[in-house]
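Results of the structural survey
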Amino acid sequence: EPPEELIEKLSLLKGINIISRRLFDIFDKAGLANVTLTENGVDTKLFSPIEPVNTNPAMPLVLGFSGSKEIAKHDYLKGFSEFIKPLNELPNVRVLELGGRGEQQVKREGMPALYNQIDLYICASTSEGFSQSVLEASACGRGIVSTRVGGCEDLIEDGCNGFFINRNLEQIKHMVSRLVADRQLVRRLGENSRRIVME
């Protein structure tokens, strides 16, 4: 429950726009009448499945990650070095970094092609508002493996279009190994991701 002082200060505002159902429910139950839920969206024409998810068990399961990791604090918040990069050590797994930074940064129009090179998108963040990358990967028909952060809790139906993970490397490796062994499940997660985003 939010602190009373916060609710008092927020109630003085003309309006508050919230992008997460979970946060909307918290503030609505706390008595704020000036809140509006506006969930993030994604251009489903631009971000769409071009390539099918790879179901060949002889090929590596490709996990995608997008986010800032060059600054130590960002790397920690995104969990890249600690929880995502080590997944490359698993048999038949490859982590693909999407998007780049600085001069290497891919423009928005080029991102759908990158999402279509992966089989699953992984988010190991400590916090998110509503991850645009998660929405874009979902729209491209990719399943999501994510910590319980921000809008991911609104988007992911555990076991339907993705799975929730804790920031525990052994648990994450166990989940990814399970998915390496069940490529039809990976395909279904992606199909359900696209359907849920379209809905």
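Okay, so let's go over this structure. (Residues numbered from 1 in each chain as written. Predicted model: local features only at pLDDT ≥ 70, side-chain atom pairs only at ≥ 80, totals over all residues. Heavy atoms only, no water.)

What follows is about the state of the cysteines. Counting across every chain of the model gives 0 disulfides. Free cysteine: cysteine 123, not disulfide-bonded; nearest cysteine sulfur from cysteine 152 at 4.6 Å. On the basis of relative accessible area, cysteine 152 is assigned to the buried category, the value being 0%. (Disulfide = S-S within 2.5 Å. Buried < 20%, exposed > 50% of the residue type's maximum accessible area, 1.4 Å probe, protein only.)

Our focus in this paragraph is unusual backbone geometry. A negative phi angle characterises most non-glycine residues, just as the trans form characterises most peptide bonds. Here asparagine 92, not a glycine, exhibits a phi torsion of approximately 65 degrees, which is positive. When you line up the elements, asparagine 92 lands in the loop between α4 (80-84) and β4 (93-97). On the basis of relative accessible area, asparagine 92 is assigned to the partly exposed category, the value being 28%. (Helix = DSSP H or I, 4+ residues; strand = E, 2+ residues; numbered from the N terminus.)

Once that is clear, we can look at the side chain of aspartate 75. Relative to the assigned elements, aspartate 75 resides in helix α3 (residues 72-78). If sequence neighbours within four positions are ignored, aspartate 75 has contacts with Ser68, Lys69, Phe80 and Ser81. (Contact = heavy atoms within 4.5 Å.)

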